[in-house]
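Residues per chain are reported as follows:
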Amino acid sequence: TAGARSPFEVFPTPGPASANQATRYENGNDFAVAGVAGVRYPVDIELADQFSNKLTTGGANVTLTASLQQSGRRRTQTATLDVSTTDNADGTYTLRYRFAVAAAYTIGVIVNQQTVPGLTAPVITAPAAADGALCTAIGDGVDNSAASTPLSAGASTSFEVLVFDAFTNPIVDM
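Below, the structure is looked at part by part. (Residues numbered from 1 in each chain as written. Predicted model: local features only at pLDDT ≥ 70, side-chain atom pairs only at ≥ 80, totals over all residues. Heavy atoms only, no water.)

Concerning the packing of aromatic side chains
Within this structure, the stated rule accounts for four aromatic pairs. Plain terms: the ring middles of Phe31 and Tyr97 are 6.3 Å apart, the flat faces sit at 55° to each other, and that makes the pair tilted. Remark: Tyr97 occurs in strand S6 (residues 92-99) and Phe31 occurs in the loop between strand S1 (23-24) and strand S2 (34-36); sequence separation between them is 66 residues. Each member of the pair, Phe31 as well as Tyr97, carries the same accessibility label: buried. When the ring of Phe99 is compared with that of Tyr105, the centres are 3.7 Å apart and the planes differ by 10°; the resulting orientation is stacked. Accessibility assignment for this pair places Phe99 and Tyr105 in one class, buried. (Phe/Tyr/Trp six-rings, centres within 6.5 Å; stacked < 30°, edge-to-face > 60°. Helix = DSSP H or I, 4+ residues; strand = E, 2+ residues; numbered from the N terminus. Buried < 20%, exposed > 50% of the residue type's maximum accessible area, 1.4 Å probe, protein only.)

A few points about the sheet that holds strand S8 (residues 114-126)
Spatial ordering of the open sheet is given by S2-S8-S7-S4, a layout of four strands whose pairing is mixed. The strands lining the two open edges of the sheet, one partner per strand, are S2 and strand S4 (62-69). Sheet twist, expressed as the mean angle between neighbouring strand axes with direction ignored, is 40°. Note that S4 and strand S7 (residues 103-111) share eight bridges and pair antiparallel. Across the sheet, Leu68 pairs through a bridge with Tyr105, a residue of S7. (Pairing = 2+ DSSP bridges. Axes fitted to C-alpha atoms, helices over the stretch in contact; angles between N-to-C directions.)

Comments concerning a nonpolar patch on the surface
Among the surface-exposed residues, Val142, Phe159 and Val161 lie close enough to one another that they form a single nonpolar patch of about 260 Å² accessible area. Mapping Val142 onto the fold places it in the loop between strand S9 (136-139) and strand S10 (159-162). (Patch = residues over 30% accessible without salt bridge, like charges linked within 9 Å, V, L, I, M, F, W, Y side chains within 5 Å. Areas by Shrake-Rupley, 256 points an atom, 1.4 Å probe, with all protein chains shown as cover. Salt bridge = Lys/Arg side-chain N within 4 Å of Asp/Glu carboxyl O.)

In structure tokens form, the structure reads like this:
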């Protein structure tokens, strides 16, 4: 009869995670667009299946990828991305990332070895605080080598201090 109650209850579960349906978690952390070398920044990702059903369990392989935006004034280098992933076991993932090299990057999300389309961000990483142990002075009379001009009492000289952070990033705007 119409309106009769079925003896069966159906509780469908979402399918496997789809890279095409991954999004930044609405109430979570977004990519830091500007950061400091050595500092870890969080970003929260939410997964869904191919039909946009939000996942309610964990188990997916979620990580980040980065590419270095080349700059004419910097030496050639590679993107050195350090990532840790926390599976929150509810379909969301917290990824914490940091760079050691101060530079401009494009960062993206990978779900189950598939790049997530449209979930990328530019990230600019600045040098960390100056590390005195890595700073050096150059100029006449500073290094006491044979090539250096000896200094005399009362004479003037000049020298340059090269300043670096703990990751050997040069600090130029002081």
